[in-house]
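Each chain, written out:
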Amino acid sequence: MTKEININCDLGEKSQHHSNKHDPDLLEIVNSANVACGYHAGDEKTMNEVISISKKNGVSIGAHPSFKDPENFGRSRLNLSSNEIRKLIIDQYEILQNIAINHGETVSHIKPHGALNNMACEDIELATTIAQTIND
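Residues numbered from 1 in each chain as written. Predicted model: local features only at pLDDT ≥ 70, side-chain atom pairs only at ≥ 80, totals over all residues. Heavy atoms only, no water.

### So, the overall build of the protein chain
We apply this condition: Only DSSP runs of H or I covering at least 4 residues are called helices, and only runs of E covering at least 2 are called strands; the numbering of each starts at the N terminus. Three exposure classes are used, based on accessible area relative to the maximum for each residue type with a 1.4 Å probe and protein chains only: buried under 20%, partly exposed in between, and exposed over 50%.
In terms of regular secondary structure, the protein chain is built from five helices and four strands. Going residue by residue from the N terminus, the α and β elements of the protein chain occur as β-α-β-α-β-α-β-α-α. Once the C-alpha set of the protein chain is aligned to its principal axes, its extents read approximately 45 × 40 × 25 Å. Residue burial in the protein chain is summarised as follows: out of 136 residues, 40% are buried.

### Points about the packing of aromatic side chains
Threshold: To pair, rings of Phe, Tyr and Trp, with the six-membered ring standing in for Trp, must have centres within 6.5 Å; the planes then decide the type, stacked if under 30 degrees apart, edge-to-face if over 60, and tilted in the middle. Placement of a positive charge over a ring is assigned whenever Lys NZ or Arg CZ falls within 6 Å of the ring centre and within 35 degrees of the normal to the ring plane.
Scanning the model with the defined rule gives zero aromatic pairs in all. Cation over ring: K68 sits above Y39, and NZ or CZ is 4.8 Å from the ring centre.

### Re the pairing of strand β3 (residues 60-64)
To be explicit about the condition: Strands are treated as partners if at least two bridges between them are detected by DSSP. Seen with the strands pointing away from the viewer, any crossover whose path from the first strand over the helix to the second strand runs clockwise is right-handed.
Most of β3 sits inside the fold, with four of its five residues counted as buried. For strand β2 (residues 32-36) and β3, the ladder comprises five bridges, and the chain directions are parallel. In the strand pairing of β3, S32 is matched with S60. Viewed along the sheet, the connection from β2 through helix α2 (residues 44-57) into β3 turns out right-handed.

### Topic: helix α4 (residues 114-122)
Helical geometry: 3.6 residues make up each α-helical turn, so side chains three or four residues apart lie on a common side. Put simply, the rule is: Two residues qualify as a contact provided that any one of their heavy atoms is within 4.5 Å of a heavy atom in the partner residue.
Every buried residue belonging to α4 is among G114, A115, L116, M119 and A120, and all of these are buried. On its buried side, α4 packs onto α3 (82-102) and α5 (124-135).

### Some points on unusual backbone geometry
Located in the positive-phi region is F73, a residue other than glycine, with phi close to 55 degrees. For F73, the location among the structural elements is in the loop between β3 and α3.

### Section: the sheet that holds β2
Stated formally: Axis definition: a line fitted to C-alpha atoms, limited for helices to the stretch in contact. Angles are taken between N-to-C directions and run from 0 to 180 degrees.
A sheet is described by the order of its strands in space; here four strands give the open sequence β1-β2-β3-β4, paired in parallel fashion. Whereas interior strands pair on both sides, the edge strands pair on one side only; in this sheet they are β1 (8-11) and β4 (107-110). Neighbour-to-neighbour, the strand axes of this sheet turn through a mean angle of 30 degrees, independent of strand direction. Where α3 meets the sheet, its contacts fall on β2, β3 and β4, and the angle it forms with β4 comes to roughly 155 degrees.

### Topic: the packing of α4 against α5
Selection criterion: The cut-offs work like this: below 35 degrees is roughly parallel, past 145 is roughly antiparallel, 65 to 115 is roughly perpendicular, and the gaps in between are oblique. Crossing chirality is assigned from the near helix's rotation relative to the far helix, an anticlockwise turn below a right angle marking it left-handed and a clockwise turn marking it right-handed. All residues other than Ala, Val, Leu, Ile, Met, Phe, Trp, Tyr, Cys, Pro, Asp, Glu, Lys and Arg, Gly among them, are scored as polar; the first ten of these are nonpolar and the last four charged.
The contact between α4 and α5 brings their axes to 6 Å, and the two run at 120 degrees. As far as their axial angle goes, α5 and α4 are oblique. Judged by the twist between their axes, the crossing of α4 over α5 is left-handed. Contact residues: α4 offers L116, M119, A120 and E122, while α5 offers I124, L126, A127 and I130. Looking at side-chain class alone, the contact of α4 with α5 contains seven nonpolar, no polar and one charged residues.

### A short note on the side chain of H113
Operational definition: Within 3.5 Å is the distance limit for a polar contact, defined as a pair of N or O atoms, with the added protein rule that one can donate a hydrogen and the other accept it, and that residues adjacent in sequence qualify only through two side-chain atoms.
Turning to its location among the elements, H113 is positioned in the loop between β4 and α4. In terms of polar contacts, H113 uses its side chain to reach the side chain of H40, at 3.5 Å. When neighbours within four sequence positions are excluded, H113 is seen to be in contact with E13, H40, H64, P65, S66, F73, G74 and R75.

Pasting the structure below:
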C-alpha cells in the first residue's frame with residue numbers, strides 16, 4: 001500500500017502584511033494550495049497567477065476564506081451571525097471558483113483563514129455553520 005502525503009500551503013496572500021514573491025517556488029513543491037480570496041489578502045490578479053501556476057504543476061486549488069479584515073490580515077475576531085458566516089464563505093468561494101473556471105479548473109477544498117479558523121476551533125456552532133456551508 002502506497003501512502004501519499006499532502007503538502008499544503010496558504011498562498012496568494014499578497015497584502016500590506018505579506019509578500020507573495022515565493023508563491024511560484026512553493027507551488028513547485030506543494031500538492032494543494034489554499035488561495036486567499038481577497039477579504040484578508042490577495043486580489044484577482046494574484047488569484048489568477050496562483051491558479052495558473054497551480055494548474056501547470058498539478059496543484060489542487062482551495063479557497064482560503066476569512067473575515068473581511070485586510071487591515072489585520074484576517075486576524076481580528078468578529079462575531080457574525082450564522083447567515084453572515086455562510087455568506088462570507090460562499091462569496092469568497094464563488095470569487096475563486098469563477099476565476100478557476102476561466103482556467104479550466106475547479107476549487108477542490110476550503111480551509112478557513114486566521115481568526116475565522118481559530119474561532120471555529122473553539123466554537124462548535126461556528127464550526128458546524130462552516131462545515132454545513134462547505135457541504136452545501
